[in-house]
Amino acid sequence: MTPTATLLTSSVRLPRPDAKWFVVGAAVALAAWLSSVPLGFLLWQSFMTPETATTPAQLTFDNYLTAYGSVETLRVFGNSVEFAAGSASLAFVVGTFFAWLNERTDTPFKSAFFALSLVPLIIPAILFTVSWILLASPKIGLINVAIQELFATDRVVANIYSMAGMIFVDGLHQSPLAFLMMTAAFRSMDPSLEESALMCGATVWQIALRMTLKLVWPAAAAVFLILFLRAIESFEVPALLGLPVGIEVYTSSIYQAVQTYPSDIGLASSYAVALLVIASLCVYAQSRTAAAVERFSTVTGKGFRPRVMRIGRWRYLGAATFAVYLTVVAALPFLVLLWCSLQKFYVAPSLAALQNVTFDAYRAVFGYPVFASAVWNSLVLSVASATIVALTTAVLCWVVARTKLPGRWLIDNLATLPLMFPGLVLGLAIMVCYLNLGIGVYGTLWIMLIAYVTRFMPYGMRYNSTSLLALHKELEESAIMSGASWGMTFWRVVLPLLKPGLIAGWIYVVIVSVRELSSSILLYSPGSEVLSIMIWEYWQNGQYVELSALGVMLIAALLCLVLLERFASRRFGIASPGV
Amino acid sequence: MLIVKSLYTEYPGDRGQAVRATHDVSFAVPDGKLFTLLGPSGCGKTTTLRSIAGLEVPKSGEISLHGKVVFSSAAGILVPPNRRNFGMVFQSYAIWPHMTVYQNAAFPLQVRRHKPDRKKIADKVMGVLHAVALDDVAERAATKLSGGQQQRLALARALVMEPQLLLLDEPLSNLDAKLRERMRFELKRMQRELALTTVYVTHDQSEALALSHEIAVMSEGRIVQIGSPREIYERPCNRFVADFIGTTNFIDAQVIEETGEGRCRVGTPVGVLNVQCLDRLRRNEAVIVSVRPEDVELSEPELEGTDLDTVCVGVVDAKVFLGEYLDFRVKIGDVVLLARAHPSLRTPVGDRIFVRMRAEKCMALPAASVSVPKA
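Note that the structure is predicted; figures quoted are calculated from it, not measured.

Definitions and cut-offs
- Residues numbered from 1 in each chain as written.
- Chains lettered and ligands numbered in written order.
- Predicted model: local features only at pLDDT ≥ 70, side-chain atom pairs only at ≥ 80, totals over all residues.
- Heavy atoms only, no water.
- Helix = DSSP H or I, 4+ residues; strand = E, 2+ residues; numbered from the N terminus.
- Buried < 20%, exposed > 50% of the residue type's maximum accessible area, 1.4 Å probe, protein only.
- Contact = heavy atoms within 4.5 Å.
- Areas by Shrake-Rupley, 256 points an atom, 1.4 Å probe, with all protein chains shown as cover.
- Arc of directions from axis to C-beta.
- Salt bridge = Lys/Arg side-chain N within 4 Å of Asp/Glu carboxyl O.
- Nonpolar A, V, L, I, M, F, W, Y, C, P; charged D, E, K, R; others polar.
- pLDDT = per-residue confidence, 0-100.
- Patch = residues over 30% accessible without salt bridge, like charges linked within 9 Å, V, L, I, M, F, W, Y side chains within 5 Å.
- Pairing = 2+ DSSP bridges.
- Axes fitted to C-alpha atoms, helices over the stretch in contact; angles between N-to-C directions.
- Parallel < 35°, antiparallel > 145°, perpendicular 65-115°, else oblique.
- Left-handed = near helix turned anticlockwise from the far one by under 90°.
- Phe/Tyr/Trp six-rings, centres within 6.5 Å; stacked < 30°, edge-to-face > 60°.
- Lys NZ or Arg CZ within 6 Å of the ring centre and 35° of its normal.
- Disulfide = S-S within 2.5 Å.
- Polar contact = N/O pair within 3.5 Å; in protein donor to acceptor, adjacent residues only side chain to side chain.

Caption draft 1: Representation of the overall build of chain A within the structure. Across its full length, chain A carries 26 helices and one strand. Buried positions account for 52% of the 579 residues belonging to chain A. A separation of at least 24 residues holds for 78% of the contacts in chain A among residues at least 6 apart in sequence. Carbon and sulfur atoms provide 68% of the accessible area of chain A, an area that totals close to 26400 Å².

Here's what the structure looks like:
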């Protein structure tokens, strides 16, 4: 027997207690803690009365009775569904139409359109919403002001503070996502199916309706569910557009319940549980349709580009609508913010106003007492959460893909579980959890770091598992055979080979962390403000001009990050791993 | 001497049930010899190799090298793969794409517990790269290498650690036909020069025949026959081995009598044949006669039969010209025989032809060999 040999029991083989199992154990424990413990506290809290100085918390069903025993709640539910369904439908129709136009017809300037349509994804929801307030609010909205001056009337043409306005803004903000996902769906379709319809004598429109649309149906259903889920989780639009006129949905109700004094966390929790149930139903339905997509999959693996339809003169109309769409979804919001940021106070653009262009707002932003710490906090939080997410999920994905550990499917599920927590619900759960645990993270940056890592862990899993599955197992085995320990193999072979996915995922998490608002809003406290919170505060104070200045700078910074990400994934994407 | 003793392995199947991968696999490889595990895919040869490497843990059995046990289920010993110091070349070569040629080859030395100094590593790496003729591309990115170069780099990486044992997992299967033949010679030369104890896994019988000192033919997780390449080819022990190694004709037969000296007479649809037999056979026992196409002699002029060699008359059914030789399909009654002839034989299809089968070239095999998978 050699000194390096290990003892085995004849029936059960326990893993060797070495660095590998320590690292793996730590990563698994972290994922399990982050994704399940706050959820437990949230459920527990929803059955408790508020704790006061005189009376301790007691078990109660009152929260649910209040939340579900009134007509008010029915209205919240109705509003939520109406808003989510409307927004998802708008985003879906717009996104699908442009995806079809771009993928399946001979519309000119396609690649430029594709690149530009990604730009709106960068604009944080709160800035997008604010820009539409500046464009279409009844009193100060540019569109209303312009029309009123033009036709000399007092009529309000567009009122953004309405259910229709909410649906319009949220649907528009989500449409680029729908566009991206439907583009992917169209690309994975076998063109010969459409070609054979063409040979049977069908016209372009008949093919589009009876073949393309039907073939893409399962994928489309999955996309719609994702859009619905994101709309029901959306916080910024209902808070900014709905609350002022009393249109409440789940997310804004949770926020209201927490922000009123004294805050009713039990009630907020019971709303959150309802939202969670709806969200998990969506995720479940989505996973079912995703399975159907695989069955229905028409991808042949040949990877040739689908044939495009000739739509004749319509192509110019197509290009024109695309241009209009991009204006509405990206150019207008950005330009209105830019214009606003260059004024002393918000006025409609005119020659007179042009004389007053000033950089005061930018100066004010830099002079804002919280600005420096907000930038620093955002930077620290995004870099730290991106790094933790990237490394932890790399280990988790490795465990899932490479080991034969019993119950490893559970790890995968645990780490992607936060995907169905709406940001506000996650913020609430974490707040409740660490208020009760009392380990001193509440009110510090740490609690926000915990929230960010939890929230973005699923993205890390997605980036890493794709690249890990593409890695040939023998690349690791040959390192082991060369005498390397597990740690050495992971550090010198696995991580470097995962680099493309790691870097792309890292930058992505940085971007979404900087934009994060709905969890942060329940967790920040004086001293731990981040940039998105600063924007929120500006909005609450009615400082539109400073808000716009900060927004313009933030969008510019995010744009640079996105370009960096695209560069990184292209740069490292070429050196594809595997021989 | 590598000794593998009654190795049993299994893996979990689709529904979680245990699927047997190898069953009672035992063999020994003397020092400096090249031993080949040969068989169709799924026969357990790669599992056996990976068990020796330590990448897979067998259910039971024992593996030892030079008397040092690296795995034993009875004694509870399992040396982890990175402490075994066995060199391995993988089927995909597993060249790390993020490293240069030099870095790839230096890796095994760099991760040693007692890492040699930089100078010593450089000397060793350049030495082994020189041996595989890659020293002039040492600084190149490993992904820029051709298939053959990658294969040599994988070999260099396995050799640089001066392994006690070299494991090769289908190292030639990813190369094109021409290159494969060249690398076959190269590999054989190196193995013989360095006298490295080697276990080689392949499904290609010609590779096995060309390289090995000894071959183990595997089927369905068991070793069917172990022997030198010549033994395996000329004295296959059953129908599976005869069929898997090379091409052969099978003729159903019935034993008439034993004639001594390991020979017997059998009755077949083409007439009475004198054949070799390994086991003692009983009268009237059903057997199969295997005769290789190159041992079926054809002739236009009439041939004389002797006591030992049978001559029969057939008709040319079809023929295929293959350059170096000619494949004939000859019909004798209802039996169709494949024969390999010199290209000078030009008998047209449909003509009569004489066929001679020599006793020492015909092998009687047991008819009821258990569930024979087609290769």
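Having seen it, we continue.
Caption draft 2: Expanded view of helix 10 (residues 204-215) of chain A. All names here are of chain A. Inspection of helix 10 places Ile207, Ala208, Thr212 and Leu215 among the buried residues, and these make up the whole buried set. Around the axis of helix 10, the buried residues are gathered within 100° of arc, so they sit on the same side. Along helix 10, the residues that are exposed and aim more than 90 degrees away from the buried face are Leu209, Arg210 and Lys214.

Caption draft 3: Structural detail: the interface of chain B and chain A. The partner chain A presents 30 residues to the 39 residues of chain B that form the contact. Between the two partners, chain B and chain A, sit one salt bridge. Listed by contribution, the elements that provide at least two residues to the side of chain B that touches chain A are helix 1 (45-53), strand 5 (68-72), strand 6 (77-78), strand 7 (86-89), helix 2 (101-110), helix 4 (147-159) and strand 8 (165-169) of chain B. The leading source of residues in the side of chain B that touches chain A is helix 2 of chain B, at three residues. The class makeup of the residues in the side of chain B that touches chain A is 25 nonpolar, seven polar and seven charged.

Caption draft 4: Summary view of the confidence of the model for chain B. Residue and element names in this part refer to chain B. Chain-level pLDDT for chain B is 88 on average; 97% of the residues reach the 70-or-more range. When the criterion is pLDDT under 50, residues 370-375 qualifies, and its contacts beyond four places in sequence or with other chains add up to seven contacts. At the level of chain-chain contacts, confidence expressed as ipTM amounts to 0.78, with global pTM at 0.77.

Caption draft 5: Seen up close, unusual backbone geometry. Residue and element names in this part refer to chain B. A positive phi angle is found at histidine 66, which is not glycine, with a value near 50°. Unusually for a residue other than glycine, alanine 94 sits at a positive phi of about 50°. Looking at where alanine 94 falls in the secondary structure, it is placed in the loop between strand 7 and helix 2. Residue classification places alanine 94 among the buried positions, given a relative accessible area of 1%.

Caption draft 6: Representation of a nonpolar patch on the surface in the model. All names here are of chain A. A cluster of nonpolar side chains, namely Trp376, Leu379, Val380 and Val383, defines an oily patch on the protein surface of about 370 Å² accessible area. Residue placement: valine 380 occurs in helix 18 (residues 371-402). For valine 380, a relative accessible area of 31% gives the class partly exposed.

Caption draft 7: Inspection of the sheet that holds strand 20 (residues 352-357) of chain B at higher detail. Residue and element names in this part refer to chain B. The antiparallel open sheet is built from five strands, whose spatial order is 16-20-17-18-19. The outermost strands of the open sheet, each flanked by one partner alone, are strand 16 (296-299) and strand 19 (335-341). Adjacent strand axes in the sheet meet at a mean angle of 45° when their direction is disregarded. Two elements, strand 18 (residues 326-332) and strand 19, share seven bridges in a ladder whose sense is antiparallel. Of the residues in strand 19, the one forming a bridge with phenylalanine 328 is alanine 339.

Caption draft 8: Layout of the packing of helix 18 of chain A against helix 21 (residues 445-469) of chain A. Residues and elements named next belong to chain A. Direction vectors running N to C along helix 18 and helix 21 enclose 45°, while the axes themselves pass 6 Å from each other. Taken as axis vectors, helix 18 and helix 21 run oblique relative to one another. Crossing of helix 18 against helix 21: the hand is right-handed. Per-class residue counts for the contact of helix 18 with helix 21 are 20 nonpolar, six polar and one charged.

Caption draft 9: Seen up close, the pairing of strand 3 (residues 34-38) of chain B. Residue and element names in this part refer to chain B. Of all the five residues making up strand 3, five are buried; the element is thus mostly covered by neighbouring parts of the structure. Where burial is concerned, the two faces of strand 3 agree: the one with Leu34, Thr36 and Leu38 and the one with Phe35 and Leu37 are both buried. Of the strand pairs in this sheet, strand 3 and strand 10 (residues 214-219) are connected by four bridges, and their pairing is parallel. Across the sheet, phenylalanine 35 pairs through a bridge with glutamate 214, a residue of strand 10.

Caption draft 10: Geometry of the pattern of salt bridges. Under the counting rule described, the total for this entry stands at 21 salt bridges over all chains. Between arginine 315 of chain A and aspartate 106 of chain A there is a salt bridge, and its shortest N-O distance comes to 3.7 Å. Taken together, the residues arginine 315 of chain A in helix 15 (residues 314-341) and aspartate 106 of chain A in the loop between helix 3 (71-104) and helix 4 (110-116) connect sequence positions 209 residues apart. Residue classification places arginine 315 of chain A among the partly exposed positions, given a relative accessible area of 23%. A salt bridge links arginine 340 of chain B to aspartate 327 of chain B, with the shortest nitrogen-to-oxygen separation between them at 3.2 Å. Pair noted here: arginine 340 of chain B is in strand 19 and aspartate 327 of chain B is in strand 18, with a separation of 13 residues, a long-range link. On the accessibility criterion, aspartate 327 of chain B (12% relative accessible area) is buried. Members of the salt-bridge network, linked through shared partners, are Glu297, Asp309, Arg356 and Arg358 of chain B.

Caption draft 11: Quick peek at the sheet that holds strand 7 of chain B. All names here are of chain B. Taken together, six strands build an open sheet; the order of strands is 7-8-9-3-10-11 and the sheet is mixed. Looking along the sheet, the strands with just one partner apiece sit at the ends: strand 7 and strand 11 (222-227). Averaged over all pairs of adjacent strands, the angle between their axes in this sheet comes to 20°, without regard to strand direction. Strand direction decides the pairing type here: strand 10 and strand 11, joined by five bridges, are antiparallel.

Caption draft 12: Local environment of the packing of aromatic side chains. On inspection of all chains with the given rule, the structure shows 29 aromatic pairs over all chains. Seen in terms of ring centroids, tyrosine 255 of chain A and tryptophan 536 of chain A are 5.6 Å apart; in terms of plane orientation they differ by 90°. Their pairing is edge-to-face. Of this pair, tyrosine 255 of chain A sits in helix 13 (residues 250-259) while tryptophan 536 of chain A is found in helix 25 (residues 531-541), placing the two residues 281 residues apart along the sequence. For tyrosine 255 of chain A, a relative accessible area of 8% puts it in the buried group. Put simply, the rings of Phe97, Phe98, Phe109, Phe113, Phe114, Phe179, Phe322 and Tyr325 of chain A pair up and form one aromatic cluster. A cation over an aromatic ring shows up here: arginine 239 of chain B above the ring of phenylalanine 250 of chain B, its NZ or CZ 4.4 Å from the ring centre. Positioned above the aromatic ring of tyrosine 233 of chain B, the side-chain terminus of arginine 292 of chain B is 4.0 Å from the ring centre.

Caption draft 13: A look at the state of the cysteines. Tallying each qualifying case throughout the model produces zero disulfides over all chains. Here cysteine 312 of chain B is not disulfide-linked; the sulfur of cysteine 362 of chain B is the nearest cysteine sulfur, at 9.8 Å.

Caption draft 14: Focus on the side chain of glutamate 516 of chain A. Residues and elements named next belong to chain A. Positionally, glutamate 516 belongs in the loop between helix 23 (486-515) and helix 24 (520-523). Side-chain polar atoms of glutamate 516 contact the backbone nitrogen of serine 519, separated by 3.0 Å. If we ignore the near neighbours within four places in the chain, the residues touching glutamate 516 are Tyr452, Arg455, Phe456 and Ser532.

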